Each structure stands twice: as C-alpha cells, then as structure tokens.
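So the chains spell out like this:
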There are 2 protein chains.
Amino acid sequence: MATQAGRLSASDHYDIVIVGAGPVGLMLSTCLARWGYKIKHIDNRAEPTATGRADGIQPRSLDLLRNMGLKSAIMAHKPARVYEVAFWDPPKGGKGIVRTGTWASCPSFIDARYPFTTLLHQGMIERVFIADLEKNGVQVQRPWTITGFTSDEKADPEFPVTVQLEHVDGTARETIHAKYLFGGEGARSFIRDQLKIGIRHKDPIAYVWGVMDGVVKTDFPDIKMKCTIHSEHGSIMVIPREDNMVRLYIQIASSTDADFDPRKTATQEEVQESAKRILNPYSIEWERVEWYSVYPIGQGISDKYTLDHRVFLGGDACHTHSPKAGQGMNTAFLDAQNLAWKIHAVESGFAKRSLLETYEPERKNVAETLLDFDNRYAKLFSQRPNAASDAQAASTSSSGPEDNEFIKAFKEACEFTSGYGVLYKENELNWSPAHPAQSHVVHPAGTKLRTGRLLINADVTRVVDANVVHVEQEVPLNGAFRLFVFAGKPSVTTQALKDLATNMGRKGSFYSSYTRPDVDSVSHHEHDLPHSKFFTVCTIVAAQRSAVEISELPPLLARYREHVYADDRWDRHVPDATAAAHAKMGLDQERGGVVVVRPDGYVGIVVALTEGTATVDALNQYFGSFCTKKLGEPHAQL
Amino acid sequence: MATQAGRLSASDHYDIVIVGAGPVGLMLSTCLARWGYKIKHIDNRAEPTATGRADGIQPRSLDLLRNMGLKSAIMAHKPARVYEVAFWDPPKGGKGIVRTGTWASCPSFIDARYPFTTLLHQGMIERVFIADLEKNGVQVQRPWTITGFTSDEKADPEFPVTVQLEHVDGTARETIHAKYLFGGEGARSFIRDQLKIGIRHKDPIAYVWGVMDGVVKTDFPDIKMKCTIHSEHGSIMVIPREDNMVRLYIQIASSTDADFDPRKTATQEEVQESAKRILNPYSIEWERVEWYSVYPIGQGISDKYTLDHRVFLGGDACHTHSPKAGQGMNTAFLDAQNLAWKIHAVESGFAKRSLLETYEPERKNVAETLLDFDNRYAKLFSQRPNAASDAQAASTSSSGPEDNEFIKAFKEACEFTSGYGVLYKENELNWSPAHPAQSHVVHPAGTKLRTGRLLINADVTRVVDANVVHVEQEVPLNGAFRLFVFAGKPSVTTQALKDLATNMGRKGSFYSSYTRPDVDSVSHHEHDLPHSKFFTVCTIVAAQRSAVEISELPPLLARYREHVYADDRWDRHVPDATAAAHAKMGLDQERGGVVVVRPDGYVGIVVALTEGTATVDALNQYFGSFCTKKLGEPHAQL
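The present account deals with the structure reproduced in this document. Please read all numbers here as calculations on a predicted model, not as lab measurements.

The rules behind each value
Residues numbered from 1 in each chain as written. Chains lettered and ligands numbered in written order. Predicted model: local features only at pLDDT ≥ 70, side-chain atom pairs only at ≥ 80, totals over all residues. Heavy atoms only, no water. Helix = DSSP H or I, 4+ residues; strand = E, 2+ residues; numbered from the N terminus. Contact = heavy atoms within 4.5 Å. Areas by Shrake-Rupley, 256 points an atom, 1.4 Å probe, with all protein chains shown as cover. Lys, Arg positive; Asp, Glu negative; His and termini not counted. Charge placed at Lys NZ, Arg CZ, Asp CG, Glu CD. Salt bridge = Lys/Arg side-chain N within 4 Å of Asp/Glu carboxyl O. Buried < 20%, exposed > 50% of the residue type's maximum accessible area, 1.4 Å probe, protein only. Least-squares fit on C-alpha atoms with pLDDT ≥ 70 in both.

Quick word on the overall build of chain A
Part 1 of the argument: The number of helices and strands found in chain A is 14 helices and 27 strands.
Part 2 of the argument: In terms of overall dimensions, chain A has C-alpha extents of about 80 × 65 × 40 Å along its principal axes.
Part 3 of the argument: Look at the contacts in chain A between residues 6 or more apart in sequence, and 72% of them connect residues 24 or more apart.
Part 4 of the argument: Element-wise, carbon and sulfur atoms account for 49% of the exposed surface of chain A, whose accessible area totals about 23800 Å².
Part 5 of the argument: If the 71 positive side-chain charges of chain A are averaged to one point and the 78 negative ones to another, these points end up 1 Å apart.

Dropping the structure here:
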C-alpha cells in the first residue's frame, strides 16, 4: 500500500497534490484519503463556498454519495427535490405565459432509486466532504495556491512531480514532491495553462447569464418546481432551493444577438425587473437576495486531461458549459471517482500503470456527450419559442409527435441528465468482442447488462440478517472490484459454485494472485476485503432467504458472509420472475452468471457460471489484460 | 401561548418540571420545548446512559421519530435492523439446537413504512433528543434529584405545583413553582411513591435476567438476527446491535423454580458458560463485553398515572415487564407524546382541562395490553419447549395449525409489538356512536379508518413541487390537529369544498374560533399553521398532479399550499384504484371525505364531505365536546 513506501514519511513527500477544493478535488481527495493515501490538498479560497455556484445533485450522483455513506449528511440539510420540470410559454395569440406541459425530471423508464434532482448549496456539499476528509486526517490547506510544477519520471521515478505552493498573501512557500498532481481548479486552471493544453469550443455561441439566489414572494404556481419559461420578454429558468430559496437563471446576452457584447452586464435590479416582465401575469417580489452574479460562458472542452499520466485535470478545468442542465458538479464527481480508483489500482500494485491511460478517453467522451447535449438544450432554451407549436404541446405528459422540439430534446436527454446515460466505451476494462478475453462463456446470451454501464438496480435479502437491501449499493466505494456471483438455483449450480471457488483459490488466479499479505490476521469482522484488497465477492442465490445456509456455500464465498443474498424480492419490472434480480440482469434464473463490476460501479464483464475452469479462465483473461501479474495457466493446472 | 403568561418570566416559575431524562422524559421535554414551553428538566445521573438499558425502536416509533425530524439522526449511528426472528429448539430426539422456523418481525400484513426493529444503544438515542432540546434552549440539569413536592390548585390556580430539587451531592437546592410535574424516573419512582400510588402485579411470576452486550466470535449462523433459543440447558435471546455488538438475554431464575431466590445472581463468566452450553453445537467466544447486568423483574402496572392531573407519571414508572419484546422505550415514547399534546391543547386555551383526564385511561389500557402480551410471551419463553411439537413447526413460514404455541403467540403479537396495534378506546377524542357528535354524515359507510387508531399509510404527490410523499408524515408533530380533506373528484366536489371552506371560515366554527391572534402578520412561508395554531389542513385531490391547480381551490384550503396533494400514486394494496389513498382509507374516490387526525396521529373522527353545512356542523360537534368555546350555531347562521 501507498503509505508503506519509505519516502512518504518525509514531510515534503506526498502521494498526490490536489489543487482546488470544489466538487472534483474533494471527491478525489475523499476517496484517496479513505484508501490510505497521503494527500496535500490546497485551495486558494479562505473558506468553502459561501454562496452561489453549483447546487444540483443528479439521481446517479446521489447513488454514488450513498455508496460513500455521505448521502444522509447531504439530506440532513433538507435540500429541495425536483421531481418534475414545468414548461411555460406564451399562450397562442395571447399575452403573458401559460404552462404548456410538465415532465418528470427522471421518468420512470429510468429505474432510479432516487428519481429526483437534489438542490443544495455547494458550500454545504463541500462541508460534508471536508468533514469526511478530516476524519481521515486530511485538512484542506487554505488559502494557498500553486505557483509552479515540474514532472520528470526519469529524474525521480517514484515521486516525479515537484510542486511549488504558496500562501495567497505570499508569506509562506512549500515545495512538495509527489507521485501525482491533480488540477481541480475550475475553468481558469493554472495547471492546464502551464501544460499548454488548449480549450476547444464546440459551440461557437457564447452567452451571458445572470443568476440570482433569493427568497421571493410570488403567486407563480410553479415556484417550487424546476421551470423553463419563455416569454416575449425573454427567458428564465427557475430552480427551487433549500430554505425557501429559489434560483433564477436569466439570459442577458447571446452571441447571436445583433449587438452582442460578452462584457454586457446587468444590475440586480435590472434582472429583477426583467424577471417581473417575463413572469407577468404573475407577480414576484424579493424578500432577500443571497447571491447575484453575471458571467459569460461558452462551451469548452480541454484537448487533454493529462500529458504524462502524472499530472491530471478534471471538473470545470476540462469542460465548461451552460448551467441549464445542472450537470457541472455531477460530471466533476464522476471525473474524480474514475481517476481515484485507477490511481489506487496502480499505486497498490494491482494494475499496470497503463490503466491510467483510460481516464482521459472515458471521461472526455462523457464531456463531449454533455456538451453535445448542452449545445442543443441551450440553443433551444435561448431561442424564443414558436408560440403556436408550443401551445400544441400543452397538457401532454407522454412522449408523442405533438411535442415541440424543446420538450422532445428534454425528454431524450433525461437519461443523460439523470446520470444513468453514462456509457464508457470498450477498452481493457469494459469488455467487447475485441477484448483479449476470448471465451465462449463471456457475455452469455440474454444478459441485459452492458459493459461500461452501471449495474442494474435490484433488491435482494441479505441472508445473515434478513435485511432487504439494494444489491448495487452493498459494496461500499472501497476501491475494490465487485464480483457478483449470481448463483442461480442451488440444486443446479452446486458443482459450478464449487469449481468457481476452487479455481479462484488456485495459485495464479486473478483472485489469489492478489491476496492480502496480512490475510491470516484479518479480523473476522472484516466484511468486504477479508482475502484481497482488490475484490469484494457477493453471492446472490435464487432461493428464499430461509432456504439459504451460508455454511453450505464453498468456504471462499461463505467468508463474505455479510455479502450472501437471497434473490427473493418481488420486482414490478419483472413481475413474473421467481428470482427478480437474476431476471433484471438478464441472467438465467437457474444457472446464474458472474458479473464483474468495476470499483466505480460500471460493469466490466459478464461471464456464464459453468462447471469446470471456463468461468475463472475467462476472468483470468479479463483481469490479465490490465493486471501487473501474469494470471492463470488453466491447462497446466487442470 | 404558555410563554406569554406573566409569572413565567420569574426564574423559579416553569410550565413543567420533568424528572428523569430517559426516553419518556426526553420525549415529553422535546415536544413541549418545541411548542414554546418553559421547562425545568432534571436527571440524577451525571451523564446520559453510557451503556446498556433499552435499545429497541419499533416500526411505529420510527414513524414517530421521523415525524419529529429525528429519524435521520438516529439512523446516522448505523443501528442494526431486525427484519426476522429465528426460533431455535432442540431437534426431535437429538442433542443441541436446530432452527425450527423464522418469522418476519413486522410481517407484510402490517402496512409499515419501516418493517423492522431498529437496535441502538439508548444513550445514542437520548443524545439525539438532548441535541434537539438544546436547540430550543433546554438543558437537562444534572445530577439533580427531586426531594419533595406539593400540588395545591386552591393555593395557586396557575402554578399549583411546588417542587424541591437538590443536587445529588446536597450542595445546592432549588424550589420551583410549576403548572405540572412529570415523573419519568423509571421503575423506582420517587414521585409515584410520594403519591402513594400502588403497583399491581398482573403476573405473580418474577424472573431474574442476565443481560450482556458484547462483541463475539461465533459460528452460530443467526447471530445477526433476533433469536429465541430454547435448549435442554436453558433459554437465551439474541439481539443484534450496532458496531458488531450482540445482546444476549439469559434467564437466570424464575419464581416457578423450586428453589427460586429473587436475589439469585450469576457472574459474567457463569452466564458466558451457560450461553456456550445453550448454543452447542455452535461455538461462541467473547472478544469484548461492553455491559453486563443481572436484574430481577416482575410485571407491574401502577394503579394511577396521576392523582390530580397536575402531577403525572409515565414510562417505566407506570409499567414494568420483561425485556423480551423490546417494548419499554416505545411505550415510554407514546406515553409522553400522548401527554405532551394534551398539555399543549389545555395550556394554549384550546381544550378544556378535562382533556387531561384522557391520558391515564388511554395509556393505561395500552400498558395492560402490553403486560397481557408480555405475560403470555415470557411464560412461553421461559418454559422449556416440547421438542416434539416444536419440530413440527420447523420450516413453516406462514401461519398454520402446525405452529407451536410459542410461534403462534408471537405471530399474533406482531401487530402489537410493531406498535401498530395500539388502539385508544372511545372517548371525546375518539368518536364512537356514544359521542356527542351525532350526525348522519359521521363515519360514512365504507371507511376503513378506525377512530383511536393510526391514520392508514398512503403515498401521494405534493402538488406544489411534485414530490412523492407519505401523506401520514406530511404534518410534523406540531401539536395541531390534522384535518385531511380527501377532496374526491374535483368535478363532483366543487360545491362541497366551497361549502366546507365557507363554513370553516364562519364565526363560531371549530376552525375560526381559534384563529391565531397574529394571523395578519404570519409569513407567507408558514406552511403548517398560517391561520390557527390548532389545525393544519391537508387537501388530497383525486386527480393527476398536473391537473390540480391550487388556485382553483377555496382560498382557505389553498392557503395551505404545501399541503395540497394529488392522489395519483399506484399502490400495491389497492392495485385497481384510480385514487389509491382515498381507496386505502375506504373513502369514496369521487366524493371524498374529511378525516380528523389527533396531533399524535390517531384518527379522531371521519366525516362525509357534503354540500351544505352538515360536514362542518359535525366537526363543530366533535370539537365542541372538548374545546373551551361553544362552537357553531349552524341553523342561525345559514
């Protein structure tokens, strides 16, 4: 493990220097701190975000926060929850605005645990992470800034990055030696500039936005909903917030305007007057304005997320876009989570260093998709609507040919905005027919799981205590791969399970090659990582809970006693299934299957559960494509 | 309101003195502190409970804690959750123990939001209440004790109770004048003794129990479940706890033993040896013992809960019983909640003083039922089972004639132990045909609601923000009655709703007679009590959310804009209903009905929603039976 390296004990040697304590930096820091890394984390602000900035947590991000045990601390602040978006437009041939439709922000075709957007001030979210960091001994050093860095693996292969840090008032300086440097500094990234990484503007249109958080008195009926309002006087977006607050986004200028000036601004009073005109015939008055800001924003994406896989970028440093879809913080979280476990896999000796090369393509592709989406969405939003066609869309609540372009675009984007649309393309982690793992047992017919996408949600009953649990949440974000053994019907799979365990336990397997050095002294209370730091094994049996005896499973599987489940919960999505979790995954309810889920929750590979060595052979091939050790010698060991 | 009374500003005058900061005292104190009362709360311990004591929160108590906004703070401690109880007995004709059955601790026939028992150390629960009290300016004064008190309404009608308090080391004394005194001191109540209130022992059998909290290493498969284990070597009960702990209850002696000695004891080592014998063939070793105690306990119930309705008792001071069913803390919570809102209703001028006379019969009847249950349950548990008949019960998971007496008793008791079985008998609060409210519109045909029982659970969609919510949780525990207007189908009930609002708004109605004196200056952000401190009004419309316009409701109902709901959620219990919440209550899905729920969540009266004055006339009669003012003159005002 990282902390065992000798030079790390020196006060100026760190595993990583993280610059910026916004969502991306805090997520990275929190993960790595939990996994035992030595972190220097700085931010140039004296305090966490006090007002304004991002505030939208999408459904999939809430899953992630729950998986980290941070959701309840977020929800304790009583955030607003957005279940629906309302569209308001001018009435056909009339004045003012009318509601032309509403749409679920996370419709039921998405099988989300939390089908709503959570709205909470970014500062409160930051503090939840900071409190967790402090539990693990990491303090964000403020207000400090980065003044320079070099990266040279030849000069120092272990700590190739040298970083100069300075107190913002110039009174103190430090030079740090680190394995990695991460720039989570936001859109104006010093590190990105130093690396001379360019920004590409996908959409040439730039906008100036006004954003105002405050408490209002209004008779507008949807003030507690997310609304997009178009009127002859302009457009506005309404976002409800905690503590009776509401956020209004008003577009002040667009580069499509005849007289566009990116430095155009508007006073708070001007924006309020504009809002009053747009909301007419409804009234609106401000009781309090908590925050007001005007900022120009263009769509941008950085050409690279790293140069040498020692210095990385993430979050707003890599992608900027309009605030409309509430994606900024969510994309930042996933950037950081993606990088965190890969650094861990490499630094703890499990994966080859080349695994880090998957960070940029996986996350950059998501950013490209985000910008494509934002581009279409923002364009529609900033154009005045065709009142006639908008009126047609009134009162529709299901998709149909009568939806106007805006509503249609919005509906199509729901899966993406909820966070469930993220798809990582094929590579060594996400199996495809081009992957080195070439076995007839890979990707068994019928599976509904898609590599590079999240594991499908399912409820199961934990055998040891009969608790009904969400199987996709059962392994905490611990940096380990999640091996879900869908065990099928016990009478059918007894031998296959035995063979699975035997071959996993054999010398040279993906599993036994990375046994913990302290395996003999691990406490029997260790639930998740008793044998290996790189795998948590869950066994899901297609039987009633009371019929499952953990002691009858092969000992290797039984050791994960808190991760043995009965697939005995009814599910509305597969009402006729006898084993609903198996059925939702598209796995045979009698014969089961093995699903490898990456530490970040995305499916890596699905393998049939067979008698003999084929299942473990295929897993050895899969892991062998990115592991440090040569895995499996199936034929020699039969 | 209480705090406006002149003499309350004096330092030695309080609304109430509460003695004991266990569950009953803390619940009472927390409620009254939130509602603005001046409280002197003492406890003779220097600190909250450090180890041991009660730890079981039943499903209905979790509802209550959620309604108070305290559930998430409890759950943040990661308590154990018991979903099932396992029964272990000697095998037929064999040695050792085998599992003879399991049963859901809160079976699905109970429509519980949280169908499990929450197990958490009492000290953590106490601290959640204490933190809430401190937010409202109340500190528990420790370690202080009560040394004497008098109660004389003639001498001082406003502050009739005089209480002497003393620091436990005798270094300080105080004399307090109060409106009420509450004894929540536990089984050895000084206040009860002073009042010379006797204890009746329902069951003459006494027991000596050993209880041990600790961390164990065992291969007993159900160590994370609640288990009742009978063996030829004795009986034991297993209760899982937070932090890998387990609690074991072992019966050391019973007055039915030939050589019974109530002072019989056992050392920790003796109990551990006994547990090892009982669990054989499974092994058990202790890694740590957190708490161990031996205590004799008999069933007892105090003859009175009060003498003069100024000095009250609650919790263990009123009822003692075996620890088996985990009811102590839950019964204590409900004692306190029942008393709290009644004191509030009287002291704030809404209800006649005689309302306090309902506390004792309502809560004493629940205690009697608890003791009846405990009696049967404890007897069965302490008797050695008939191995032959127990074996027959093996593997049954649904009720049937083959269940042995123990399992049968347990199944029957589930509703009671979950907390949903509480039934308050008919009185002025709980309508019956004998109630003064005699109208043909009361208790309309078909209703499934029972007065004196909890409102039935239902999901609805809050119109203002489209949030899916639990309707029974929507009004916080604010001391107010909850008026649920099930509005039926809008096209059918437009006139009835208008008449309801008009007649509620008329001078002399139950509603307008208790208008807030500051009604004109109440903030528009006040959701729950904008017009009256005694009523929160919820309107549930049988329509899709997007079809409900709050502005089309009568203004009186529309003012509670955060409490307008659409009855548009599908419910498994009434799969064919178009308006599931209406259907679950047994109300007409087109014509609706009005449900009055007491401040503690129990149904008071159900009235049809009709055109004309009949609905409000009936409500005036209902509230008039216990309100301070003469309500309604229906005919004169038509």
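Digging into the pattern of salt bridges
All names here are of chain A.
Part 1 of the argument: Across all of its chains, the model carries 76 salt bridges over all chains by this definition.
Part 2 of the argument: Between Asp111 and Lys584 there is a salt bridge whose closest N-O contact spans 2.7 Å. In this pair, Asp111 sits in the loop between strand E6 (98-104) and strand E7 (117-119) while Lys584 sits in helix H13 (residues 580-585), placing the two residues 473 residues apart along the sequence.
Part 3 of the argument: Taking the shortest distance from any N to any O, the salt bridge between Arg516 and Asp518 comes out at 2.8 Å.
Part 4 of the argument: On the accessibility criterion, Arg516 (11% relative accessible area) is buried.
Part 5 of the argument: Judged by relative accessible area, which is 33%, Asp518 ranks as partly exposed.

Topic: the relation of the copies chain B and chain A
Part 1 of the argument: Between chain B and chain A, which share one sequence, the superposing operator has a rotation angle of 180 degrees and an axial displacement of 0.0 Å; the RMSD is 0.0 Å. Such a combination of rotation and displacement between the chain copies is what one expects of a two-fold axis. Minimal C-alpha separation from the rotation axis in chain B is found for Ser72(B), amounting to 3.6 Å.
Part 2 of the argument: Interface overlap between copies is the fraction of interface residues in one copy that are interface residues in the other; for chain B against chain A it reaches 100%, indicating a shared surface.

Overview of unusual backbone geometry
Part 1 of the argument: Here the bond from Asn280(A) into Pro281(A) is cis, since omega is 20 degrees, no more than 30 degrees from zero.
Part 2 of the argument: Topologically, Pro281(A) is positioned in the loop between helix H6 (268-279) and strand E17 (284-298).
Part 3 of the argument: For the bond running from Arg142(B) to Pro143(B), omega is -25 degrees, close enough to zero to count as cis.
Part 4 of the argument: Within the secondary structure, Pro143(B) is located in the loop between strand E8 (140-141) and strand E9 (144-151).
Part 5 of the argument: The phi dihedral of Asn244(B) falls on the positive side, at around 60 degrees, and the residue is not glycine.
Part 6 of the argument: As for its position among the elements, Asn244(B) is in the loop between strand E15 (234-240) and strand E16 (246-254).

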